[in-house]
Each structure stands twice: as structure tokens, then as C-alpha cells.
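Inside the fold
Residue-level listing of the chains:
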Amino acid sequence: MSEAEVEEPTFSSLPEEAISAAPPAENDAQEAESAANDLPVPYTTFTKAHKRLITVILTSTMLASPLTATIYLPLLPLLATHFHVSTQAINLTITLYIVFQAISPLLFATASDSFGRRPVILLTYAVYTAASLGLALNKSSYAALLILRAVQSLGASAVLAIAYGVIADVCPPAERGGMQGPTMGAANLAVCLGPVIGGLVALGSGSYEWVFWALVIFGGSVFFFVGAGLPETARSIVGNGTVEATGWGRSWWNLLRGRSKRKVDAVEMENSSEAMGEKNGGAKIGPGKKAKFKMANPMAAIRILFWKDTALVLWMAGSPYAVWYAVQASIPSIYKDIYHFNELQIGLSYLTGGFGTVSGGYLNGKLMDWNYRATARSIGHTIDKVSGDDLKGFPIESARARGSYYLLAIYITALAGYGWSVQARAHEAVPLILQYVLAALCTSFQQTFNALLVDIFPASPSTAAASGNITRCALSAIVVAILQPLVNVMGRGWFFTALTVLSGGGGLVADWLVKNKGMQWRRERIEKAGKAKTERGDGEMKREPGAFGNPDSKTIR
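Okay, so let's go over this structure. Every value quoted in this text rests on a predicted model; they were computed, and no experiment measured them.

Calculation notes
Residues numbered from 1 in each chain as written. Predicted model: local features only at pLDDT ≥ 70, side-chain atom pairs only at ≥ 80, totals over all residues. Heavy atoms only, no water. Helix = DSSP H or I, 4+ residues; strand = E, 2+ residues; numbered from the N terminus. Buried < 20%, exposed > 50% of the residue type's maximum accessible area, 1.4 Å probe, protein only. Contact = heavy atoms within 4.5 Å. Areas by Shrake-Rupley, 256 points an atom, 1.4 Å probe, with all protein chains shown as cover. Expected span 1.5 Å × (residues − 1). Bend = angle between axes of the 7 residues up to and from the residue. Axes fitted to C-alpha atoms, helices over the stretch in contact; angles between N-to-C directions. Left-handed = near helix turned anticlockwise from the far one by under 90°. Nonpolar A, V, L, I, M, F, W, Y, C, P; charged D, E, K, R; others polar. Phe/Tyr/Trp six-rings, centres within 6.5 Å; stacked < 30°, edge-to-face > 60°. Lys NZ or Arg CZ within 6 Å of the ring centre and 35° of its normal. Patch = residues over 30% accessible without salt bridge, like charges linked within 9 Å, V, L, I, M, F, W, Y side chains within 5 Å. Salt bridge = Lys/Arg side-chain N within 4 Å of Asp/Glu carboxyl O. Lys, Arg positive; Asp, Glu negative; His and termini not counted. Charge placed at Lys NZ, Arg CZ, Asp CG, Glu CD. Core = buried A, V, L, I, M, F, W, Y, C linked by side-chain atoms within 4.5 Å.

The next thing to look at is the overall build of the protein chain. Per the secondary structure count, the protein chain includes 23 helices and zero strands. When burial is assessed residue by residue, the protein chain has 52% of its 557 residues classed as buried. Long-range pairs, those at least 24 residues apart, make up 80% of the contacts in the protein chain between residues at least 6 apart in sequence. Put simply, the protein chain shows about 24,800 Å² of open surface, and 65% of that area lies on carbon and sulfur atoms.

What follows is about helix 6 (residues 87–115). The end-to-end C-alpha distance of helix 6 is 42 Å, a good match for the 42 Å that 29 residues give at a rise of 1.5 Å each. Along helix 6, the helix axis deviates most sharply at I103, where the bend reaches about 25 degrees; the proline P105 sits within four residues downstream. G116 lies just past helix 6 and shows a positive phi near 110 degrees.

Turning next to the environment of T375. The topology assignment puts T375 in helix 18 (residues 351–378). Taking relative accessible area as the criterion, T375 reaches 6% and is therefore assigned buried. Contact partners of T375, with chain neighbours within four places excluded, come to F394, P395, S398, A399 and R402.

Time to look at the packing of helix 6 against helix 8 (residues 142–156). Where helix 6 meets helix 8, the axes come as close as 7 Å, and the angle between the chain directions of the two elements is 30 degrees. For the element pair helix 6 and helix 8, the recorded crossing hand is right-handed. Listed contacts from helix 8 to A89, I90, L92, T93, L96, Y97, F100, Q101, S104, L107 and F108 of helix 6 are Y142, L145, L146, R149, A150, Q152, S153, L154 and A156. For the contact of helix 6 with helix 8, the per-class residue count stands at 14 nonpolar, five polar and one charged.

Glancing now at helix 9 (residues 159–170). Here helix 9 contains twelve residues, and its C-alpha end-to-end distance of 16 Å stays within 8% of the 16 Å for a straight helix at 1.5 Å per residue. Within helix 9, twelve of the twelve residues are buried, which leaves it mostly tucked inside the rest of the structure. What helix 9 keeps buried is the set V159, L160, A161, I162, A163, Y164, G165, V166, I167, A168, D169 and V170.

Positive phi, close to 55 degrees, is recorded for H340, a residue that is not glycine. Here H340 lies in the loop between helix 16 (308–337) and helix 17 (343–348). One non-glycine residue, R425, lies in positive phi territory at about 55 degrees. Along the chain, the position of R425 falls in the loop between helix 20 (404–423) and helix 21 (429–455).

Here we come to the packing of aromatic side chains. Under the counting rule described, the total for this entry stands at 15 aromatic pairs. Judged by centre distance (4.9 Å) and plane angle (25 degrees), the ring pair of Y372 and F394 falls under stacked. Residue Y372 is found in helix 18, and its partner F394 is found in the loop between helix 18 and helix 19 (396–401); the two are separated by 22 residues along the sequence. Here the aromatic cluster, defined as three or more aromatic residues joined through ring pairs, consists of Y72, F83, Y208 and F212. A cation sits over an aromatic face here: R235 above Y43, 4.1 Å from the ring centre. Geometry around Y405 places K515 over its ring, the cationic atom sitting 3.9 Å from the centre.

On the surface, a cluster of positive charge is contributed by R373, R377, K385 and R402. Here K385 shows up in the loop between helix 18 and helix 19.

Moving on, we come to the side chain of T70. Relative to the helices and strands, T70 is located in helix 4 (residues 64–71). If we ignore the near neighbours within four places in the chain, the residues touching T70 are A190, V191, G194 and P195.

This part takes up a nonpolar patch on the surface. Among the surface-exposed residues, W420, I478, I482, L486, V489, M490 and W494 lie close enough to one another that they form a single nonpolar patch of about 670 Å² accessible area. It is helix 22 (residues 461–490) that contributes the most residues to the nonpolar patch, five residues altogether. You can see L486 is positioned in helix 22. Residue L486 is classed as partly exposed on the basis of its relative accessible area of 31%.

Turning our eyes to something else, we now look at the pattern of salt bridges. Tallied over the full model, the rule gives eight salt bridges. For D169, the salt bridge goes to R117, with nearest N and O atoms at 2.8 Å. On the criterion of sequence distance, the pair formed by D169 in helix 9 and R117 in helix 7 (residues 117–137) is long-range, its members being 52 residues apart. Owing to a relative accessible area of 3%, R117 belongs among the buried residues under this scheme. A salt bridge links E209 to K139; the shortest N-O distance between them is 3.0 Å. A residue pair is termed long-range when its members are at least 10 positions apart, and E209 in helix 11 (residues 209–229) and K139 in the loop between helix 7 and helix 8 qualify at 70 residues.

A separate point is the nonpolar core. Nonpolar side chains in soluble globular proteins tend to be buried together. One finds Y72, L75, Y125 and F212 to be the most contacted residues of the largest nonpolar core, which totals 61 residues. It is helix 9 that provides the largest number of residues to this core, a total of ten residues.

Any link to function would need more than the numbers given here.
This is the structure:
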């Protein structure tokens, strides 16, 4: 038979057995659809390039509060002379700044969990830049200085808490340390560089005004940077990044390009929302609908302070921050009275702490992720790098606090040693080295336990971070207020020894309880929130700061 005569086989020419064995075309389609539905829902669709961009933008936004707080310090004599008021009256502007540092996250960070990160950051930076402009233009009014300084703090101080929300939006728990390291390190560096920059600007210009003009330029630049490049990340708005944000949620760059994300079918988004909700402790991701207008509820952050597990976590994050604030506040008097440094040398003495915060923050970010992986291996858990781990049954408390006993031992030694080294008038290199060690460790504790706080409140991370802000500001204000009176009575050695007992000794106790009781107390808190929902019988979970999951979720796990 010639090649041309060969016939292609048809179904009619095949044996009946072959026909019955061949799967229908629609079965193939159904199986393919079923397989697609079984694929895990990714925790986030933001790429590594997106995350790098978000990290850079977050780093710039987080400079505002620490930079603005410390760049102001060298101006105090100039301001007292210019406005013809006492030093005590000028110090009142510092106290007011700290007060509004605590208030601002209560208002704005909680709002960002509902309305989105981008609009709230843009709003706060607009407020900050306007207040800085007012301070630069104010020539004679002390009352205006007082009010504008408070407004400036209001605009600058919410970003830290919001940043924790952004990190939780785009990074599963196993990878959050990698993004927190550089962002927190940069924020802490600003605390130490601020006095140096303020002193140089004031020295070069002979006036306080140019410092405020520099902050106007900084605020306006960051406002534009955020508007142009920061994508909306809030999971209540864009889910895992699949849904397109609207209005102020869209970056200006994407608006100019006319670029939009894939339109997601409502049913598909709802199904993936439920899947992610069950995966992440009831934290149901949003369907991309516009949020209903709700007033921010500051009490949601305040109530977090009173749960057993969260109170301990807040102490571990807040007390080292307050200690580091006390060390910084003590630097001018120590190096002027004991070591006879001039103003420039005093400013430069802050740099060792600055290097400590940067290196400590960066290295601790790596350590956090390593500890997470080590804990997962120890319990035979396979890390879900796609959808993110289910933390309902994962000992996240042990993972975050792993190895902290050793760090606390070094912290206790360095803090007590700092006080007694200056008391004994040791060589100036000794307290400078100890400042580096304390800065690195205080940064590590704050970063680690703030991350843990966000981990156990995954649906409202910025609200949880706001409660951390309240704690650290309150403790810092208390420590700074009692610093000089107690140093006059006790001496520097015994004062820092007392801080060692409170922060270091209390930290050892808190750390043990968090590791050994934290998961149990977390489950009890979730059960209480679930019972409260059942008793209400409203079929819908209202905002419950003790709940593990999203207030809009219909299930609590």
C-alpha cells in the first residue's frame, strides 16, 4: 500500500474498547479546573522587585519621626533666646512631641488597617510637611511653636506602626525579618544622626529656621516618593496583591502608564479570600471593595495592652527602647562633665550608637528568619513559602524569642557596665564601645518582639504595632523624666544598675513566660474572643482586639 493510501484512524475505525477507554474532552477540562482550584493560594503576588522598592520607600518614610525628634535638640538654646522664653518652656515642646508620638499611631495606624496604607501615609506626610513649613515661617510666636511642634509629631509618628502593617501584608512570617532589618536599622540610625545634622545646620546658618526648611524639603520629597511608587498593600483592600486598588490606592506611576492589574472575578476572589482566611488564623483577605467609612478606634490598640501574652511581649519590646532613650539622654552630661568633650565631640559620640542600631537591626533581621527556620525544623514543620504558614498551631513565640537568653545576658552586663564605667571615669573608649553594644541589642529586642506582636494579630498589624508605640513612648517619657533627679541622688552607677534589674531582670522573666506560656495564653485569648462573638449572636465578627483573626472574618481559629 502506498503512503498516500494510508488512512488516519478515526473513532469509527477504533475498537469499542479503545473508544470506551478514551476520556471525554469535558472530563479533561473538569480535571484541569479541579487541579487549578487545588493549587495553593500564594500569600502575596508582590515580586521580589516590588518588595525591594517597598523596602526602600518604607525606609525613607520611617526616618521622619526619629530624625525630627533629634534634629531639634541642638536648637534648644537658639529657640530659647529667639522666643525669649526659659529652657524649661522650650523643653515643654519636647514633652509635647513625645505625647503626640504616642497619640498619632492610635489614630492613623488603626485607620490604615481599614482604609489602606498608601492614603494614610500620604495624609500623615502632608500634615508633617505643612507643620514643618509653619515652623520655618514662624518668627515670634511661642504658642505657634508649641502647637506646630505637636502637629509635626502627629504627622511623623504614625509611619513606624504602619510600616509593620506593610511588612505583614507582603511577607509571610518566615520572611519578615529580611525586610524589617534594613527599615528598622535606618529608622534607628536617624536617632543618632539627627543631633549631628541639626548641629551642623544650626552652626553653619546660625539660625534654627534652616533646620525646619530642611524638614520641609525632606517631607515634600518623601510625599512625592510615596505617591509615585508605593503600591497599596493592605490585605483588606488588595487581598494578596491580586486585586487592583482604586483612587488614592493607585500609585501615580501606574496612573500615568494606565497600568492595571488583572480584573478578578468576584467569586474567584471570595474563594481565595476564604482559603487565605483559614490559612492565616481567620484573617480573611479583602475582595477589593471600597471600605465603608469608619472612625478609627484608638481603644482597639489600648486594649491589646491588657492581655497576658501581649503585655509581656510589649514589655520586651518597650523597655529596651526606653533604656536606650535614657542612654542617649545621658550622653551630653556624661561626656561634657566627665570627659570634657566640646559640642561637636558630643554630637559625634552619638555615632557609635548609630552604627550599633544599623548593624544590630540588619543582623537581627537575618537572625529572625534563621530562628524561624530552626524552630520549624525542630518540630518537623515544613515552611509554606507560597501561602504562608498557619500560625494557629505554630509556636511563633518560641521562634521569635529563640536564643534571647544569651542576648539578655550580654545586655545585662553591658548596661550595668555602662553605668559603672562612667561612674569610675574609665577611658572614654569604654562607654563608647558599650553604647554600640547596647544600641545593637536594644534594636534587636524591639525589632524581634514588635514582629511577634504583629504575628499574633495578623489581621490588624498596624493596630498591634500602635499598642507597641504607646508602650515605648510611655516608658521612655517616664525614664527621661526620672533620669536626672535619680542620677543626682543615686549616682550613675546605681541608676543604670536599677535599670538593669528592671529591664534585664524583668526581661528574663518575661522571656521565659512568653516562650513557655505564650502560645497557651494566645489560644485562651482567641477562645474568649470567639465566645464573645457567639454570645452576641450577630453572625459577624466585630472588631475584637483580642481576636487572632480579622474582625470581618466569619470564623475564628
